[in-house]
Amino acid sequence: KAEPKNNPAGKVNPNDPDQLAHLKRDPESFLTDLLAKASFDPGVIIASVDFLAKAGEFKYAAVLLKASIRSGLIAEAWAQEALAVALEGCNGSAEEIERARVSGIDLEPKNPQAYLKAAKALADNLDPERALKFCRTAAKIEPNLPDPYINALAFAADNKANLDANDSIFFSGK
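Nothing here was measured: the structure is a model prediction, and the numbers come from that model.

A. Highlighting unusual backbone geometry. The backbone of N91 sits at a positive phi, close to 60°, despite the residue not being glycine. In this structure, N91 sits in the loop between helix 5 (77–89) and helix 6 (94–102).

Spelled out as structure tokens, the structure:
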């Protein structure tokens with residue numbers, strides 16, 4: 001890896017050919033290294049991702065979001081959702097998009113909405129079985145919330161979902 005010359009703060013020097021070569025060769029590792037060496041306000045990252053997305057550079061927006069998440073600079077569910085949008089914009093793999101959408105659960109394991117968002121992503125990827133499981137989990141967390149039941153009924157309407165006796169109990173709200 002090309003390390004920045006005389007640049008302890010981790011700032012990008014556009015006149016440094018080693019930095020530019022590293023950026024062009026492997027933007028993800030370059031940004032990860034940069035974020036590890038320098039302190040950035042998360043607002044700068046958000047503005048940069050916004051700028052890249054508006055410019056249609058979804059690939060680089062995804063790279064920046066991945067590096068920010070990996071470095072721990074941004075560790076919130078919205079960043080995972082933004083990553084999923086950026087990956088969709090640059091035709092990322094379905095698995096990677098699904099992982100980004102479902103990972104909100106890891107960040108907010110007690111939030112039923114996180115499970116419902118993940119359930120929707122799974123249903124969109126034609127996995128209604130797992131979508132129903134996430135709806136059940138959301139209903140266990142917040143039994144009086146109608147959304148898990150409404151979404152589960154919609155996902156169950158898909159012929160690919162296999163329903164059993166537990167689903168009847170679930171749909172009854174008990």
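Further notes follow.
B. Structural detail: the pattern of salt bridges. Throughout the structure, instances matching the rule amount to 7 salt bridges. Note that R130 is salt-bridged to E98, the shortest N-O span being 3.2 Å. Here the residue R130 occupies a position in helix 9 (residues 128–141), and E98 occupies one in helix 6, the gap between them amounting to 32 residues. The structure contains a network of salt bridges with shared partners spanning E81, E88 and R101.

C. Expanded view of the nonpolar core. Of all hydrophobic cores here, the largest spans 21 residues; its most connected members are L31, I45, V49, L64, L83 and L87. Elements with a minimum of two residues in this core: helix 2 (27–37), helix 3 (42–54), helix 4 (58–71), helix 5 and helix 6. When residues of this core are assigned to their parent elements, the largest contribution, 6 residues, is made by helix 4. Once residues lying within four places of it in the same chain are set aside, the contact partners of L83 are A62, L65, K66, I69 and A100. Core analysis: the next-biggest nonpolar cluster, separate from the first, contains 17 residues, V102, A131, F134 and F155 among them.

D. A look at the environment of I69. Relative to the assigned elements, I69 resides in helix 4. For I69, the contacting residues outside a window of four places in its chain are I74, A79, Q80 and L83.

E. Broad picture of helix 8 (residues 112–124). With 13 residues, helix 8 extends 18 Å from end C-alpha to end C-alpha; this agrees with the ideal 18 Å at 1.5 Å per step. Taken residue by residue, helix 8 has P112, A114, Y115, L116, A118, A119, A121, L122 and A123 as its buried positions. The elements touched by buried residues of helix 8 are helix 6, helix 7 (104–107), helix 9 and helix 10 (147–156). L126 occupies a position one or two residues after helix 8 and carries a positive phi of about 60°.

The rules behind these values
Residues numbered from 1 in each chain as written. Predicted model: local features only at pLDDT ≥ 70, side-chain atom pairs only at ≥ 80, totals over all residues. Heavy atoms only, no water. Helix = DSSP H or I, 4+ residues; strand = E, 2+ residues; numbered from the N terminus. Salt bridge = Lys/Arg side-chain N within 4 Å of Asp/Glu carboxyl O. Core = buried A, V, L, I, M, F, W, Y, C linked by side-chain atoms within 4.5 Å. Buried < 20%, exposed > 50% of the residue type's maximum accessible area, 1.4 Å probe, protein only. Contact = heavy atoms within 4.5 Å. Expected span 1.5 Å × (residues − 1).

Any functional reading would require information that these geometric values do not contain.
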